[in-house]
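# Notes for the structure review
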Amino acid sequence: MLTLLFSCLVFSGCGKKQVTSTEPIPLPEHPRPDFSRTDWINLNGRWSFALDSLDVGAAREWFREGTPFPDTITVPFSWASPLSGIGRKDVHIAWYARDFEVPKTWDNRFVFLVIGASDFTTKVWVNGHEIGVHEGGYTPFEFEITEALFEKGANHLVIRVEDEPTPGRLVGKQVYGEAKGIWQTVYLEPRSELHLKMAHFSPDIDRKLVKMHLAFSAATGMNDEVSIAFADTSIAPVRKPLPPGQGEFTLTIPVPKPHLWNLDDPYLYNVDITLISEKAAIDTVHTYFGMRKIGAAYRPNSRDMYVTLNNKPVYLRMTLDQSYHPEGFCTFPSDEFMRGEIERAKTIGLNCLRIHIKTEMPRKLYWADRLGLLLMCDIPNINGEPTEYGRKNWEYTAFNQIERDYNHPSIFSWVLFNETWGLVTRIEKLPGEFVHEYMPETQAWVKSMYLTAKNADPTRLVEDNSPDQGRRWHVMTDINSWHAYLPGYRWAEYMDEVVRNTFPGSEWNFIGGNKQPDIPMMNSECGNVWGYKGGTGDVDISYEYHIMMNEYRRRPRISGFLFTEFHDVINEWNGYYRFDRSMKDFGLDELCPGMTVRDFHSDLYLIPGGDFKKIVAPGDTFSVPVTASFLSDTVPGELTVKTLFHGWNRFGDHREYSADSLTVRPVKYSVVKLPDVKLTAPKEECIAMFCTFLIDAKGDTLHRNFLPVRVLKSESPRRETIKGKAEIVRRMPNEFSKSEWSVKQKAIFDSLKVWGTGTGYFEYEFPWPKNLKADAVQEIEFIAELGARRIQGKDMGEDYVSQGIDNISAKGIDPGHNPNSYPMTDDKKHPSQVGITLNDTDSQAITLANDPADHRGNLSWLSQKEDDTLTEAGSYGYLVKVQFGGEALKKAAEEGTARVKLAVTGGTGSDGGLSVYGEQFGRYIIDPTVVFRLK
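Note that the coordinates shown come from a computational prediction; the quantities given were computed from them, not determined experimentally. (Residues numbered from 1 in each chain as written. Predicted model: local features only at pLDDT ≥ 70, side-chain atom pairs only at ≥ 80, totals over all residues. Heavy atoms only, no water.)

### A closer look at the overall build of the protein
Here is the rule: Where helices and strands are cited, they refer to DSSP runs of H or I of at least four residues and of E of at least two residues respectively, numbered from the N terminus. Type-normalised accessible area, obtained with a 1.4 Å probe on protein chains alone, sets the label of each residue: buried when under 20%, exposed when over 50%, and partly exposed for intermediate values. Whether two residues are in contact is decided by their heavy atoms, any of which lying within 4.5 Å being enough. Residue-level accessible areas treat just the shown protein chains as cover; the underlying method is Shrake-Rupley with a 1.4 Å probe. Counted as positive: Lys and Arg. Counted as negative: Asp and Glu. His and the chain ends are not counted at all. To locate a charge, take atom NZ for lysine, CZ for arginine, CG for aspartate or CD for glutamate.
Across its full length, the protein carries 10 helices and 57 strands. Principal-axis analysis of the C-alpha atoms gives the protein an extent of 110 × 70 × 65 Å. In the protein, buried positions account for 61% of the 935 residues. Residue pairs at least 24 apart in sequence account for 71% of intrachain contacts in the protein once pairs closer than 6 positions are excluded. About 35,300 Å² of surface is accessible on the protein, with carbon and sulfur atoms providing 49% of the total. If the 105 positive side-chain charges of the protein are averaged to one point and the 126 negative ones to another, these points end up 4 Å apart.

This is the structure:
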């Protein structure tokens, strides 16, 4: 069996010129751990390749051995993808060729060529003989090639694939990377004439049994048997005669002590199924299943329906998984990467991925099975209108996908259509005026497909359509789901509307006179990415995500959420992870000690406060409500809630103001109001965080959350005296006396923040306080919140386009092009070198490490207007404190003003620039400030 090395001959030209490679082949593992045989040969790796833009290959008989193919491609990567080595999206026909040998041990068996997926029309020749044609882009297919093989030596395999983007064919998010040509593993496999084609396991945990359904390649004979061996010895092996003349067989197997598959203990039963004929084993397939049950039931002590796993309600914490790779597109580069995808979801506390408009690679499904993660799995959608051709293609893919993936315990639901893509028909209402309608006959077809899917797979939930905000178009479904993309300030009102309209018999979210049954209601896409005019581009997701999570957890009738999305893609930069799967920095730990994004996804969840804009005056006593959301069947008998009230004052100094604790006794699946926490605001202005920590009896912190609190005077002093210690003078960011920038300069909301890009400076003048003698001053300290300022596409307007960089809607080159964007913090830094001088003396160099935006920019979020646009939301800088004395202090006294110049002296292109933040924007409540510190 070839698994580790690609050590075969790849022919270019007539077959005499050969390229031999011993490099590791991509994806060497068996692609179907849920249905595998011991004998197989992996054909991934280097193949000869030719693009056929003029479609002349068939007429010129390129399928003959000796045809010169000018290129090589790495299979199984789409020829549009970089990992293929080709990277061409503009050509829709291509040819593959390679030689292979069949082991002698395969004699007297039938040889099959299996292709995991190839988009769209795939035609195969072996040794010049046409073998067959397959249409469809997402599910596996095979050809029996035995008769075309040579008795000895190398065989020549040629494959032609045509993938014209034709209406009626199926598509996913092709803009993210097209699945052109072969995009899943190709392999050879020997089989007997009678062999196993399918083995489906339907577990019944209540009756402690599993129903097994087998399908064969041919009718069974008089002396055929089946033997079933379980790795788990608690299940007795089975050996039964097969009734003759049958193509299928069903039997029920007791599972006396079922080890249930769940998210914390994803136990799999490994099974070997052997066909026996005339007392000899002729075919053995390895597969597996999980003993688990998917259903729906009321949350205890409520009329709120939830999805259940093993009869227990599950609060679903989901994300939209576009399931694309920047280099491999639909195809992941390695098995380790696929395992990592599941681990990345679990690391941040999610319990489900929605695989979006893609038939997923089976090994990724396998890792979800192995590691314990639920999956919603979409069927690819029809490209265009629901024509007969489109419906035929959809049905073929949908039911082959359901058949292929039946045994994966991780899959809990099938999503047949997304946002009615491929279901609306263009109708001319008036001459020249067209509308798109979800026609009654299409609704009837979708309803029939729902029923057919339920019949094909009764072990899972089925959703007819995952509807968007403008098309609340369910017809028949097991899940009453909805999409919503909104600014943070709209979530509470919208969710109240959803809850108010959710009850059996309601027509909300349904079409065609259909009404809601008593089924789980949940969100199936949400976020702010399309909640603002024209979308957001790259923006801090954490602040509004925080608001959204709190609002979901207040409303237990909504049985789960599905955030858009798991990772960034080409034109959406709203993932927890970047497209390269690096983690974004949300800055939560600095606001609430120990907090990570995982705390937003806890079963046990505390919500401090009502809305997210708490403003109090210095010295005020106020109360903070706290809500506990314990949506789990596993809760400790007693928990401690600890609180911490801390913040940063007008000089950026950190202070802890108070701490307290109380004891709570949680109730399973409950959402309850805890006693209010009374707080006294400090007597100084600050930006503070009221933090809550949920702690168990062992001292482990189970959950963290916080509420930003702005302690604000009615009027902030521009000048201030600290008797005997200091004189203080402040300037707003836009109150500079001079400025000059090589690229661009701008003020945000007129005065709250200013920035310049390229090279240049801002200079501020702080008048020397009256009656202050120079010899009484020990030093002059400059305090400010400063950040780097990279050049962003949205800053450049038409000039930006002229630089040859396109808009995000076309190529996705610049995540900062959208007017609402401000690229979120990650590990790619954009530093600036800044020189700070006082009265042109004593230059002090500092490095501003980045141009960040994340939850630490609370003040930038608080300053946003509620007008469905964003202006540098979440952006912030670094606390900078620079001291001057000596000659600089003397010059300031002589001139009667302290002139502070902030000049960018290093950084080029996108790394040059400077932002100056004020007390209402950024992270700290600091305007550019000079402190005349007294001796």
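There is more to say after this.
### Describing the nonpolar core
Quick note on the threshold: Only buried Ala, Val, Leu, Ile, Met, Phe, Trp, Tyr and Cys residues count toward a nonpolar core, and they belong to the same one when joined by side-chain atoms within 4.5 Å.
The biggest cluster of nonpolar side chains holds 122 residues, and the ones touching the most others in it are Trp-394, Phe-412, Leu-416, Trp-482, Met-548, Tyr-552 and Tyr-576. Not counting residues within four places of it along the chain, the set of residues in contact with Trp-482 comprises Pro-467, Tyr-494, Val-498, Trp-508, Asn-509, Met-521, Met-522, Asn-523, Ser-524, Glu-525, Tyr-552 and Ile-558.

### A look at the sheet that holds strand E3 (residues 41-42)
Put simply, the test is: In this description, strands pair whenever DSSP reports at least two bridges between them.
Read across the open sheet, the four strands follow the order E3-E15-E7-E11; overall the sheet is antiparallel. Two strands in the sheet have a free side with no partner beyond their single neighbour: E3 and strand E11 (141-144). By the bridge criterion, six bridges tie strand E7 (residues 110-115) to strand E15 (residues 186-191) in an arrangement that is antiparallel. Within the sheet, the bridge partner assigned to Val-114 lies in E15 and is Tyr-187.

### So, the packing of helix H3 (residues 388-404) against helix H4 (residues 440-456)
This is how the line gets drawn: Angles shown run from 0 to 180 degrees and are taken between the N-to-C directions of axes, each axis being a line fitted to C-alpha atoms and, for helices, limited to the stretch in contact. Any angle that falls under 35 degrees is termed roughly parallel, while one over 145 is termed roughly antiparallel, one within 65 to 115 roughly perpendicular, and all others oblique. Here a crossing is taken to be left-handed if its near helix is turned anticlockwise relative to the far helix by less than a right angle, and right-handed if that turn runs clockwise. Residues are grouped as follows: nonpolar covers Ala, Val, Leu, Ile, Met, Phe, Trp, Tyr, Cys and Pro; charged covers Asp, Glu, Lys and Arg; every other residue, Gly included, is treated as polar.
In the contact formed by H3 and H4, the axes pass within 11 Å of each other and the chain directions differ by 20°. The angle between H3 and H4 falls in the class roughly parallel. The handedness of the crossing between H3 and H4 comes out as right-handed. Across the interface between the two elements, Arg-391, Trp-394, Glu-395, Phe-399 and Ile-402 of H3 pack against Trp-445, Met-449, Thr-452, Ala-453 and Ala-456 of H4. For the contact of H3 with H4, a count of residues per class yields seven nonpolar, one polar and two charged.

### Considerations on the packing of helix H1 (residues 335-347) against helix H2 (residues 362-371)
At a closest axis distance of 9 Å, the pairing of H1 and H2 adopts a crossing angle of 45°. Between H1 and H2, the angle is such that the two are oblique. In this structure, the crossing between H1 and H2 has a hand that is right-handed. Here Asp-335, Met-338, Arg-339, Glu-341, Ile-342, Glu-343 and Lys-346 of H1 lie close against H2, whose contacting residues are Arg-363, Lys-364, Trp-367, Ala-368 and Leu-371. For the contact of H1 with H2, the class distribution of residues is five nonpolar, no polar and seven charged.

### Things to note about the sheet that holds strand E25 (residues 312-313)
With respect to topology, three strands assemble into an open sheet ordered E23-E24-E25, the strand pairing being antiparallel. This sheet does not close on itself; its edge strands, each paired only once, are strand E23 (294-298) and E25. Here two bridges tie strand E24 (residues 305-309) to E25, and the two strands are oriented antiparallel to one another. Within E25, the position partnered with Thr-308 by the bridge is Pro-313.

### Section: H1
Helical periodicity: at 3.6 residues per turn, an α-helix aligns residues three or four positions apart in one direction. The criterion, for reference: Between the first and last residue of a helix there are one fewer steps than residues, each counted as 1.5 Å, and that sum is the expected span.
Counted at 1.5 Å a residue, the expected span for H1 with its 13 residues is 18 Å, and the 18 Å between its end C-alpha atoms agrees. Within H1, the full set of buried residues consists of Asp-335, Phe-337, Met-338, Gly-340, Glu-341, Ile-342, Arg-344 and Ala-345. In this structure, the buried residues of H1 make contact with strand E27 (352-355) and H2. One or two steps after H1, the chain reaches Gly-349, where phi turns positive at roughly 85°.

### Observations concerning the pairing of strand E26 (residues 316-321)
Here is the rule we go by: Here a crossover is taken to be right-handed if, once the strands point away from the viewer, the path from the first strand over the helix to the second is traced clockwise.
Counting buried positions along E26 yields six of six residues, so the element is predominantly enclosed. Here E26 pairs with strand E36 (residues 560-563) via four bridges, running parallel. Bridge assignment links Arg-317 to a residue of E36, and that residue is Phe-561. One ladder, built from four bridges, connects E26 with E27; its direction is parallel. Residue pairing across strands places Leu-320 opposite Arg-354, the latter belonging to E27. Viewed along the sheet, the connection from E26 through H1 into E27 turns out right-handed.

### Thoughts on the packing of aromatic side chains
Put simply, the test is: Stacked, tilted and edge-to-face are the three classes applied to pairs of Phe, Tyr and Trp rings, where Trp contributes its six-membered ring and a pair requires centres within 6.5 Å; stacked means planes under 30 degrees apart, edge-to-face means over 60, and tilted covers the rest. To sit over a ring, a charge needs its Lys NZ or Arg CZ within 6 Å of the ring centre and within 35 degrees of the ring normal.
What the rule picks out here adds up to 45 aromatic pairs. Taking 6.1 Å as the distance between ring centres and 85° as the angle between the ring planes, the aromatic pair formed by Trp-394 and Phe-399 counts as edge-to-face. A single burial state applies to Trp-394 and to Phe-399, both of which are buried. A cation sits over an aromatic face here: Arg-391 above Trp-445, 6.0 Å from the ring centre. When the ring centre of Trp-648 is taken as origin, the NZ or CZ atom of Arg-923, which lies over that ring, is 5.5 Å away.

### Details of unusual backbone geometry
With glycine set apart, most residues show a phi of negative sign, and most peptide bonds adopt trans. Residue Pro-76 follows Val-75 across a cis peptide bond; omega there is 20°. For Pro-76, the position within the fold is in the loop between strand E5 (71-75) and strand E6 (93-100). In this model, Thr-564 is joined to Glu-565 through a cis peptide bond whose omega is 20°. Examined against the element boundaries, Glu-565 turns out to sit in the loop between E36 and helix H7 (588-591). Its identity as a non-glycine residue notwithstanding, Lys-208 has a phi of 55°, on the positive side. With respect to the element layout, Lys-208 can be found in the loop between strand E16 (196-204) and strand E17 (209-216). Taking the relative accessible area as the measure of exposure, Lys-208 reaches 45% and is therefore partly exposed.

### A look at the pattern of salt bridges
Formally: For this document, the term salt bridge refers to a Lys or Arg side-chain nitrogen within 4 Å of an Asp or Glu carboxyl oxygen.
In total, this model carries 72 salt bridges according to the counting rule given. Of the charged contacts, one joins Lys-613 and Glu-866 as a salt bridge, the two residues approaching to 3.7 Å between their closest N and O atoms. Highlighted residues: Lys-613 in the loop between strand E37 (604-608) and strand E38 (614-616) and Glu-866 in the loop between helix H9 (858-862) and strand E54 (878-884), separated in sequence by 253 residues. For Glu-866, a relative accessible area of 52% corresponds to the exposed category. Among the salt bridges present, the one from Glu-872 reaches Lys-794, with a minimum N-O distance of 3.8 Å. Separated by 78 residues along the polypeptide, Glu-872 in the loop between H9 and E54 and Lys-794 in helix H8 (residues 793-802) bring together distant segments of the chain. You can call Glu-872 buried: its relative accessible area is 3%. In the salt-bridge network here, residues are joined through shared partners; they are Arg-37, Glu-142, Glu-189, Arg-191, Lys-197 and Asp-283.

### Quick word on the environment of Phe-434
Relative to the assigned elements, Phe-434 resides in strand E32 (residues 433-437). Sequence separation between Phe-434 and Val-124 is 310 residues; the distance between their C-alpha atoms is 43 Å. Once residues lying within four places of it in the same chain are set aside, the contact partners of Phe-434 are Arg-426, Ile-427 and Glu-428.

### Overview of the pairing of strand E51 (residues 777-788)
Burial analysis of E51 places 11 of its 12 residues in the buried class, which makes it a mostly covered element. Judged from the six bridges that link them, E51 and strand E57 (residues 929-934) form a sheet pairing that is antiparallel. By the bridge assignment, Ile-783 is partnered in E57 with Thr-929. Where E51 and strand E56 (residues 914-917) come together, four bridges link them in antiparallel fashion.

### Quick notes on the state of the cysteines
Stated precisely, the cut-off is as follows: Count a disulfide wherever a pair of cysteine sulfur atoms falls within 2.5 Å.
What the rule picks out here adds up to zero disulfides. Cysteine Cys-686 shares no disulfide, and the gap to the nearest cysteine sulfur, in Cys-691, comes to 12 Å. Among the cysteines around Cys-691, which has no disulfide bond, Cys-592 carries the closest sulfur, lying 3.7 Å off.

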